[in-house]
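If you want the building blocks of each chain, they are given just below.
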Amino acid sequence: NAGVTQTPKFRVLKTGQSMTLLCAQDMNHEYMYWYRQDPGMGLRLIHYSVGEGTTAKGEVPDGYNVSRLKKQNFLLGLESAAPSQTSVYFCASSYSNRVEAFFGQGTRLTVV
Amino acid sequence: SQQGEEDPQALSTQEGENATMNCSYKTSINNLQWYRQNSGRGLVHLILIRSNEREKHSGRLRVTLDTSKKSSSLLITASRAADTASYFCATGPYGNNRLAFGKGNQVVVIP
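Residues numbered from 1 in each chain as written. Chains lettered and ligands numbered in written order. Predicted model: local features only at pLDDT ≥ 70, side-chain atom pairs only at ≥ 80, totals over all residues. Heavy atoms only, no water.

Enquirer: What should I look at first to understand the side chain of His47(A) in this one?
Expert: Residue and element names in this part refer to chain A. Topologically, His47 is positioned in strand 5 (residues 42–49). For His47, a relative accessible area of 7% translates into the label buried. At 3.3 Å, the side chain of His47 forms a polar contact with the backbone oxygen of Tyr64. Look past the residues within four positions of His47 in its chain and what remains in contact with it is Tyr33, Trp34, Ala56, Lys57, Gly58, Pro61, Tyr64, Asn65, Val66 and Phe74. (Helix = DSSP H or I, 4+ residues; strand = E, 2+ residues; numbered from the N terminus. Buried < 20%, exposed > 50% of the residue type's maximum accessible area, 1.4 Å probe, protein only. Polar contact = N/O pair within 3.5 Å; in protein donor to acceptor, adjacent residues only side chain to side chain. Contact = heavy atoms within 4.5 Å.)

Enquirer: Just to check I follow, could you spell out the pairing of strand 4 (residues 29–37) of chain B for this structure?
Expert: Regular strands show a simple pattern: their side chains alternate between the two faces of the sheet. Residue and element names in this part refer to chain B. Burial analysis of strand 4 places 8 of its 9 residues in the buried class, the great majority of the element. Sheet analysis places strand 4 next to strand 9 (residues 85–93), joined by 8 bridges and oriented antiparallel. Along strand 9, the bridge assignment pairs Trp34 with Cys89. Here strand 4 runs beside strand 5 (residues 43–50); their pairing, made up of 7 bridges, is antiparallel. In the sheet register, Leu32 faces strand 5, and the bridge partner there is Ile49. Adjacent in sequence and paired antiparallel, strand 4 and strand 5 are bridged by 5 residues, among which Gly40 carries a positive phi angle near 75 degrees. (Pairing = 2+ DSSP bridges.)

What follows is the structure, given as structure tokens:
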């Protein structure tokens, strides 16, 4: 049982480049979340989804876009990467925000 | 603003002693959850306490929730070196679908 899988695990981008982070879950969860983790800042919610075809903004959505075309996948896009987006990105999924969430192993992104 | 702010931010303790960390939040919640993160890894769920509960136990973990003070505490009894990690509280705000995390506590258990 894979749980929550994030790809890639590491990536280095040049300023202005674009990329997509993929999150896949095999637990039939409705809710999916994208967070970024920076030193001293904890986890900050970027975007989230409460079901296939839905997305909503979190605390820090600027510079990111998301899509949830299939229930099992939640994509996070950076259209024009900036050094301020250097971070570790975590995806999580759950049945709702009233039960435990399951996390992926993270994607370490560096923008130079 | 962030839901959940743990206090203290960093804690060290001797193996066998208890370790306590706190979390405060700002709005009404459905539940509060605690997660652990080992260095370089994803977060792992530890325990969930609902807004109508005051205390919950799971193994060596004890969580309390005081909704009047909008605060929670996580107690690890008889700590072990393997408990060395960062601990985060997360809240499911009432009427909201988010899961909001705090800044986390770094706990070091010295063998």
